[in-house]
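In case you want the letters, here they are:
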Amino acid sequence: MSKIEDVNFKEKRFNTIITVVSIIVPVVVALLFRVKIPNVEPLSFLPPIYATINGITAVFLIAAVVAIKNGKQKLHQNLMTTCIVFSLAFLVMYIAYHMTSESTSFGGDGIVKYVYLFILITHIILSIIIIPLVMKTYAKAYLKQYDAHRKLAKITFPIWLYVAVTGVVVYVMISPYYVY
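Described in the following lines is the structure provided in the data block. As the structure is a computational prediction, the values presented were derived from the model and not from experiment. (Residues numbered from 1 in each chain as written. Predicted model: local features only at pLDDT ≥ 70, side-chain atom pairs only at ≥ 80, totals over all residues. Heavy atoms only, no water.)

Before going further, it helps to spend a moment on the overall build of the protein. Assigned secondary structure in the protein consists of five helices and zero strands. In sequence order, the secondary structure elements of the protein are arranged as α-α-α-α-α. Taken along the three principal axes of its C-alpha coordinates, the protein extends 60 × 35 × 25 Å. Looking at the protein residue by residue over its 180 residues, the buried ones come to 32%. On the protein, roughly 11,200 Å² of surface is accessible, and the fraction owed to carbon and sulfur atoms is 71%. In the protein, the 16 positive side-chain charges and the 7 negative ones have mean positions that sit 9 Å from each other. (Helix = DSSP H or I, 4+ residues; strand = E, 2+ residues; numbered from the N terminus. Buried < 20%, exposed > 50% of the residue type's maximum accessible area, 1.4 Å probe, protein only. Areas by Shrake-Rupley, 256 points an atom, 1.4 Å probe, with all protein chains shown as cover. Lys, Arg positive; Asp, Glu negative; His and termini not counted. Charge placed at Lys NZ, Arg CZ, Asp CG, Glu CD.)

Written out as structure tokens, the structure reads:
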């Protein structure tokens, strides 16, 4: 197998994995959101932790862009890998919280409620869209297709940053209504 054939084979495998994960993750999250584990203490301490992780992810995303613009490829790679780990940790904690606790409704009204709903809905939609974008962008770098990686990263970065920042904003807006 030539080097080009090997890269094409790896890219096809990545694309299959990316497609499967991009479908399975939102479906599983939606299904698990409805599952409540009986007779367990609510994990009510998790929302501020996973909101903090979102905030740290946003800071690391910005640091990763600064690193690559300054030619620090290894630092960029490490920061981006850390962002992916943070996002996975967020997802696990988010699911665990919702499997042990009732959903909290936003208690505000008027224009603030519409602002909250806009932020929440765009956050949710973009958090689904970002899954394949992050994976595809990461795969391009892994395959050393740096031009394609850069081109895709210009789309992925602002969406991922928006999702990370709005995760914090949603938490701050709904936190007064949590029942502890």
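The phi dihedral of Asn39 falls on the positive side, at around 60°, and the residue is not glycine. Position of Asn39 among the secondary structure elements: in the loop between helix H1 (3-34) and helix H2 (46-69). Backbone geometry at Lys144 places phi at a positive 60°, although glycine is not the residue there. Secondary-structure assignment places Lys144 in the loop between helix H4 (111-142) and helix H5 (146-174). A relative accessible area of 60% means that Lys144 is categorised as exposed.

Here the focus is the packing of H1 against helix H3 (residues 73-100). Where H1 meets H3, the axes come as close as 9 Å, and the angle between the chain directions of the two elements is 25°. Overall, the two elements H1 and H3 adopt an arrangement that is roughly parallel. Here Val25, Val29, Leu32 and Phe33 of H1 come into contact with H3, specifically with Leu91, Tyr94, Ile95, His98 and Met99. Tallied by class, residues from the contact of H1 with H3 come to eight nonpolar, one polar and no charged. (Axes fitted to C-alpha atoms, helices over the stretch in contact; angles between N-to-C directions. Parallel < 35°, antiparallel > 145°, perpendicular 65-115°, else oblique. Contact = heavy atoms within 4.5 Å. Nonpolar A, V, L, I, M, F, W, Y, C, P; charged D, E, K, R; others polar.)

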